[in-house]
Amino acid sequence: ISLWFAMFILFFAAMIYSILFLIYKKMDYDHKASSLIYAGILMGILGLVTGSIWAKATWGAYWTSDVKLNMSAISMLIYVAYWILRSSTDDIDRKARISSAYSVFAFFTIVPLIFVIPRITDSLHPGNGGNPALGGEDMDNTLRAVFYPAVIGFTLLGVWLSQLLLRLKRIKEQMFMKMMSPVK
């Protein structure tokens, strides 16, 4: 769960940078947004994998037809489609515009998929029937001492990974500019 919280924070930050790119057309905003999304995708995939391991121990199966599991998988597919969309064109400006608009769309689609639909249907997970899933009846206070620092830790790990990706993009961009500059 803490991996998914970190993923949401990274995707939210990416959406903000995408909006900033759409307004100001600064390529660095697009680079920041895409780096955050790639780190968020990693957190989401790790969340699905570790959640499946937990499900096997808890419910006896790695995957069930639970609505939260299926909506989580759909959400990850939406962001994997972002990754594919970015690699579908070589035009840098077009790639940045389309992927920024898609990033905003993707964030607003996962909100109902993860937070609304599972609450109105029956689920094996806590949080159905209007229960926010983080109340006193769902999580023991001793778990909170680990849960919230884990959210902070995974978020910082995601930010660090996105910063590494951002640096790599900037280095590639500088190398490309040097290759394109006329020889003196």
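Above: the structure in question.
So, here's what we can say about the structure. The structure presented is a predicted model; accordingly, all values stated were derived computationally and were not measured. (Residues numbered from 1 in each chain as written. Predicted model: local features only at pLDDT ≥ 70, side-chain atom pairs only at ≥ 80, totals over all residues. Heavy atoms only, no water.)

What follows covers the overall build of the protein chain. Each helix and strand counted, the protein chain has five helices and zero strands in total. Reading the protein chain from its N end, one meets helices and strands in the order α-α-α-α-α. Its C-alpha atoms put the protein chain at 70 × 30 × 30 Å along the principal axes. Sorting the 184 residues of the protein chain into buried and exposed places 38% on the buried side. The long-range fraction of contacts in the protein chain, counting pairs at least 24 apart against all pairs at least 6 apart in sequence, stands at 72%. Counting only carbon and sulfur atoms, one obtains 70% of the accessible surface of the protein chain, whose full area is about 10,900 Å². Placing the 17 positive and 11 negative side-chain charges of the protein chain at their respective mean positions leaves the two points 10 Å apart. (Helix = DSSP H or I, 4+ residues; strand = E, 2+ residues; numbered from the N terminus. Buried < 20%, exposed > 50% of the residue type's maximum accessible area, 1.4 Å probe, protein only. Contact = heavy atoms within 4.5 Å. Areas by Shrake-Rupley, 256 points an atom, 1.4 Å probe, with all protein chains shown as cover. Lys, Arg positive; Asp, Glu negative; His and termini not counted. Charge placed at Lys NZ, Arg CZ, Asp CG, Glu CD.)

So, on to the packing of aromatic side chains. Across all of its chains, the model carries 13 aromatic pairs by this definition. Relative to phenylalanine 115, the ring of phenylalanine 8 lies with its centre 5.0 Å away and its plane at 40 degrees, an arrangement referred to as tilted. Of this pair, phenylalanine 8 sits in helix α1 (residues 2–24) while phenylalanine 115 sits in helix α4 (residues 92–116), and the two are 107 residues apart along the sequence. Aromatic pair phenylalanine 11 and tyrosine 79: ring centres 3.7 Å apart, planes at 10 degrees, arrangement stacked. Of this pair, phenylalanine 11 sits in helix α1 while tyrosine 79 sits in helix α3 (residues 67–86), and the two are 68 residues apart along the sequence. Accessibility assignment for this pair places phenylalanine 11 and tyrosine 79 in one class, buried. (Phe/Tyr/Trp six-rings, centres within 6.5 Å; stacked < 30°, edge-to-face > 60°.)

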